[in-house]
Amino acid sequence: METVYFKGNACHTAGLLPSVGEKAPEFTLVDADLKELHLGDFPGKKVVLNIFPSLDTAVCAMSVRKFNEKAAAKKDAVVLCVSMDLPFAAKRFCTLENINDVYPASAFRSPEFAKGYGVELVDGPLKGLLTRAVIIIDEKGTVIYHDLVNEITDEPDYEAALKML
């Protein structure tokens, strides 16, 4: 269990983020077209998991925009923007925002993702959603970076994450 904060109030996760050097847990997420996404779908690429509560918040939306802008030039990496948002909402957001260089990925029917990656909020006002974190997995499926953002309303450290790419 990890402690994070939402507007200064303590909240807890169901587990711990995978450790750097650990094999990343397999996952099944759903893209904007209702197609399943798996870790193994991106051979030869680093996978950035930009995890957050909902696209319907300013900070979450900003993280998607920034990763879309900053990681697009990285040809050996893909960014999955993971939340509990329904695929329909993610598709609408990406269309309206002209987001083309990241993959929206919903965990709405994947409780194993939230638990396996230790990002499910189990209490507080956002209970049931995902906390804010960035996890980078190398081409061999090993976690090479993780950042659990202490205050959910803060943006992640983009520069630290991008240095790993």
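Let me sum up the structure you'll find in this document. Since this is a predicted model, take the numbers as computed values, not measurements.

Here is what the cut-offs are and how they apply
Residues numbered from 1 in each chain as written. Predicted model: local features only at pLDDT ≥ 70, side-chain atom pairs only at ≥ 80, totals over all residues. Heavy atoms only, no water. Phe/Tyr/Trp six-rings, centres within 6.5 Å; stacked < 30°, edge-to-face > 60°. Helix = DSSP H or I, 4+ residues; strand = E, 2+ residues; numbered from the N terminus. Buried < 20%, exposed > 50% of the residue type's maximum accessible area, 1.4 Å probe, protein only. Pairing = 2+ DSSP bridges. Lys, Arg positive; Asp, Glu negative; His and termini not counted. Salt bridge = Lys/Arg side-chain N within 4 Å of Asp/Glu carboxyl O. Expected span 1.5 Å × (residues − 1). Arc of directions from axis to C-beta. Contact = heavy atoms within 4.5 Å. 1 Å grid on protein atoms, 1.4 Å probe; cavity = no way out; pocket = protein on both sides within 12 Å on 5 of 7 lines; lining within 4 Å. Points joined across faces, edges and corners; volume = space filled by probe spheres on them. Nonpolar A, V, L, I, M, F, W, Y, C, P; charged D, E, K, R; others polar.

**Focus on the packing of aromatic side chains**
The geometry of two aromatic rings is summed up by the distance between their centres and the angle between their planes.
Part 1: Throughout the structure, instances matching the rule amount to 4 aromatic pairs.
Part 2: Consider the rings of phenylalanine 27 and phenylalanine 113, whose centres lie 5.8 Å apart with planes at 90 degrees: the pair is edge-to-face. Taken together, the positions of phenylalanine 27 in the loop between strand E2 (9-12) and strand E3 (28-30) and phenylalanine 113 in helix H3 (residues 111-116) put the pair 86 residues apart, joining distant regions of the chain.
Part 3: On the basis of relative accessibility, which here comes to 2%, the residue phenylalanine 27 falls in the buried class.
Part 4: Here the aromatic rings of phenylalanine 27 and tyrosine 117 are separated by 6.1 Å at their centres, their planes lie at 65 degrees, and the arrangement is edge-to-face. Residue phenylalanine 27 is located in the loop between E2 and E3, and its partner tyrosine 117 is located in the loop between H3 and strand E8 (133-137); the two are separated by 90 residues in the primary sequence.
Part 5: The rings of Phe27, Phe113 and Tyr117 are connected pair by pair, giving a single aromatic cluster.

**Re unusual backbone geometry**
Part 1: Here lysine 7, not a glycine, exhibits a phi torsion of approximately 55 degrees, which is positive.
Part 2: Here lysine 7 shows up in the loop between strand E1 (3-6) and E2.
Part 3: Unusually for a residue other than glycine, leucine 34 sits at a positive phi of about 70 degrees.
Part 4: Structurally, leucine 34 can be placed in the loop between E3 and strand E4 (36-38).
Part 5: Take leucine 34: its relative accessible area is 41%, and that puts it in the partly exposed class.

**Side note on the pairing of E8**
Part 1: Counted residue by residue, E8 has 5 buried out of 5 residues, so it is predominantly covered.
Part 2: Burial along E8 is two-sided: the residues Ala133, Ile135 and Ile137 and Val134 and Ile136 are all buried.
Part 3: Of the pairings in the sheet, the one linking E8 to strand E9 (residues 143-148) comprises 5 bridges and is antiparallel in character. Bridged to isoleucine 137 within E9 is valine 143.

**So, the side chain of arginine 132**
Part 1: Residue placement: arginine 132 occurs in the loop between H3 and E8.
Part 2: Although arginine 132 is buried, it makes no salt bridge; aspartate 154 carries the closest opposite charge, 7.6 Å away.

**With respect to helix H1 (residues 58-70)**
Part 1: With 13 residues, H1 ought to run about 18 Å at 1.5 Å a step, and its terminal C-alpha atoms sit 18 Å apart, in line with that.
Part 2: Taken as a whole, H1 has its buried residues at Cys60, Ala61, Ser63, Val64, Phe67 and Asn68. Viewed end-on, H1 has its buried residues packed into an arc of 155 degrees, placing them on one side of the element. What points out from H1, more than 90 degrees from its buried face, is the exposed set Ala58 and Glu69.
Part 3: Tucked into the core, H1 has its buried residues touching strand E5 (46-51), strand E6 (77-83), helix H2 (87-97), E8 and helix H4 (158-163).

**Observations concerning the layout of surface pockets**
Part 1: In this structure, the largest pocket encloses a volume near 180 Å³.
Part 2: If you go around the largest pocket, the residues you meet are Asp31, Ala32, Asp33, Lys91, Cys94, Thr95, Ile99, Asn100, Val102, Tyr103 and Pro104.
Part 3: Only H2 and strand E7 (103-106) provide two or more residues apiece to the lining of the largest pocket.
Part 4: Of the residues belonging to the lining of the largest pocket, the class tally is 6 nonpolar, 2 polar and 3 charged.

**Here's the deal with empty space enclosed by the protein**
In this approach the atoms are scanned with a rolling probe the size of a water molecule, which exposes any empty space left behind.
Part 1: Scanning the model with the defined rule gives 1 cavity of 30 Å³ or more in all.
Part 2: Looking at the largest cavity, its volume works out to about 50 Å³.
Part 3: In this structure, the largest cavity is lined by Phe52, Leu55, Val64, Cys81, Ser83, Asp85, Ala90, Cys94, Pro104, Ala105 and Ser106.
Part 4: Of all the secondary structure elements, the ones that give two or more residues to the lining of the largest cavity are E6, H2 and E7.
Part 5: Residues belonging to the lining of the largest cavity are distributed by class as follows: 8 nonpolar, 2 polar and 1 charged.

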